[in-house]
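# An overview of the molecular structure
Take a look at the letters that make up each chain.
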Amino acid sequence: MSKKKKPVRETTIENYYDLKVDKVDELVAALKGEAPRDDNDLTMFISDCTGEDAPENYTRTGKKKEFDPYKTDFLGRVPVWLKAIFIKWWFAGAVCYFILFGLQNVIKDPLDMIAFTGITLGLVVEVLVNPLFRYLERGDKEYAPYMMFPFPFKAYWTFFTNIIYYVLVAACVNGLYLAMNLAINALNGTQAIAGVEPLLFGVFFVVADMLFIGIKDLAVYLVGRNAKERANV
């Protein structure tokens with residue numbers, strides 16, 4: 001007797017990973033609202049998903065709100081560089097308001113005030129700004145060019161290096177104020193001194209901080225390119 005051949009299974013290893021093109025077309029058509037729906041079709045209406053026919057599930061015109069998984073929120077449309085600079089500027093202005101304004105009658109020595117402001121800036125950047133940058137990242141480390149030490153939060157040594165670095169930044173901000181006052185007095189022939197306020201302090205902070213970060217990024221790029229050239233020789 002001849003042996004019976006085993007029936008060929010449709011799901012073989014060769015066909016297991018085949019792309020179901022028809023299913024992809026059906027999904028795209030469903031998202032565009034072009035495919036007919038029946039009771040077994042997935043719904044994109046929020047009220048059908050939640051089971052609640054609440055007023056917030058409708059638009060102002062009375063239409064049902066649909067869930068769009070590809071919709072980009074408002075913050076997603078804002079460029080990364082603009083968000084990074086605004087965050088730096090806002091936190092620096094807050095430090096100026098609470099430290100320079102709040103402690104100006106307590107800390108009299110200018111050098112002590114510069115040092116304390118720099119320490120506070122370092123703490124704010126390490127505890128608030130950098131973690132916020134990492135939270136906003138989408139996996140491409142797009143905020144790394146706006147951090148002096150773009151390392152994970154578990155790298156505790158950045159806590160001390162950020163404090164030392166931002167003391168230097170605070171000293172540079174103070175130098176920018178002195179240069180501005182000298183320029184104003186030279187042009188007007190006066191001896192007036194412009195006061196420190198959060199808006200301009202934040203601008204000077206961003207300028208000094210991004211200048212140092214730009215120098216660091218350029219040095220890292222040159223070192224990396226030199227290493228690649230040596231490896232290719």
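Residues numbered from 1 in each chain as written. Predicted model: local features only at pLDDT ≥ 70, side-chain atom pairs only at ≥ 80, totals over all residues. Heavy atoms only, no water.

### A look at the overall build of the protein chain
- Per the secondary structure count, the protein chain includes 7 helices and 0 strands.
- Helices and strands in the protein chain line up, N terminus first, as α-α-α-α-α-α-α.
- Within the protein chain, buried positions represent 25% of all 233 residues.
- Considering only residue pairs separated by 6 or more positions, the protein chain has 59% of its internal contacts joining residues 24 or more positions apart. (Helix = DSSP H or I, 4+ residues; strand = E, 2+ residues; numbered from the N terminus. Buried < 20%, exposed > 50% of the residue type's maximum accessible area, 1.4 Å probe, protein only. Contact = heavy atoms within 4.5 Å.)

### Digging into the packing of helix α6 (residues 157-188) against helix α7 (residues 198-232)
- The geometry of α6 relative to α7 is characterised by a closest axis approach of 9 Å and an angle of 125 degrees between their N-to-C directions. As summarised for this structure, α6 and α7 are arranged oblique, according to the angle between their axes. The way α6 lies across α7 gives a crossing that is right-handed. Of the residues in α7, those touching α6 at Y165, Y166, L168, V169, C172, V173, L176, Y177 and M180 are L200, F201, F204, F205, A208, D209, F212 and I213.
- Split by residue class, the contact of α6 with α7 holds 16 nonpolar, no polar and 1 charged. (Axes fitted to C-alpha atoms, helices over the stretch in contact; angles between N-to-C directions. Parallel < 35°, antiparallel > 145°, perpendicular 65-115°, else oblique. Left-handed = near helix turned anticlockwise from the far one by under 90°. Nonpolar A, V, L, I, M, F, W, Y, C, P; charged D, E, K, R; others polar.)

### Here's the deal with the packing of aromatic side chains
- With the rule as written, the count across this model stands at 12 aromatic pairs.
- Relative to W157, the ring of F149 has its centre 5.9 Å away and its plane inclined at 70 degrees; by these criteria the two rings are edge-to-face.
- Overall, F149 belongs to the buried group, its relative accessible area being 18%.
- In this structure W157 comes out as partly exposed when scored by relative accessible area, which is 44%.
- Considering the side-chain rings of F149 and Y165, the 6.4 Å spacing of their centres and the 85 degrees angle between planes classify their relative orientation as edge-to-face. Of the two residues, F149 is situated in the loop between α5 (110-136) and α6 and Y165 in helix α6; the sequence distance between them amounts to 16 residues.
- Classification of Y165 as buried rests on a relative accessible area of 8%.
- Within the aromatic cluster, the residues linked to one another by ring pairs are F149, W157, Y165, Y166, F205 and F212. (Phe/Tyr/Trp six-rings, centres within 6.5 Å; stacked < 30°, edge-to-face > 60°.)

### Section: empty space enclosed by the protein
- Within the structure shown, the criterion is met by 1 cavity of 30 Å³ or more.
- One number sums up the size of the largest cavity: a volume of about 50 Å³.
- K88, F91, A92, L121, V124, V125, V129 and F205 together form the lining of the largest cavity.
- Mapped by element, the contributors of at least two residues to the lining of the largest cavity are α4 (80-101) and α5.
- It is α5 that contributes the most residues to the lining of the largest cavity, 4 residues altogether.
- Classifying every residue of the lining of the largest cavity by side-chain character gives 7 nonpolar, no polar and 1 charged. (1 Å grid on protein atoms, 1.4 Å probe; cavity = no way out; pocket = protein on both sides within 12 Å on 5 of 7 lines; lining within 4 Å. Points joined across faces, edges and corners; volume = space filled by probe spheres on them.)

### Regarding the packing of α4 against α5
- Remark: α4 packs on α5, axes separated minimally by 10 Å, with the N-to-C direction vectors making an angle of 145 degrees. Crossing of α4 over α5 shows right-handed handedness. Across from A84, I87, K88, F91, A92, V95, I99 and L100 in α4, the residues of α5 making contact are M113, F116, T117, T120, L121, V124, L128, V129, L132, F133 and L136.
- Across the contact of α4 with α5, the residue classes break down as 16 nonpolar, 2 polar and 1 charged.

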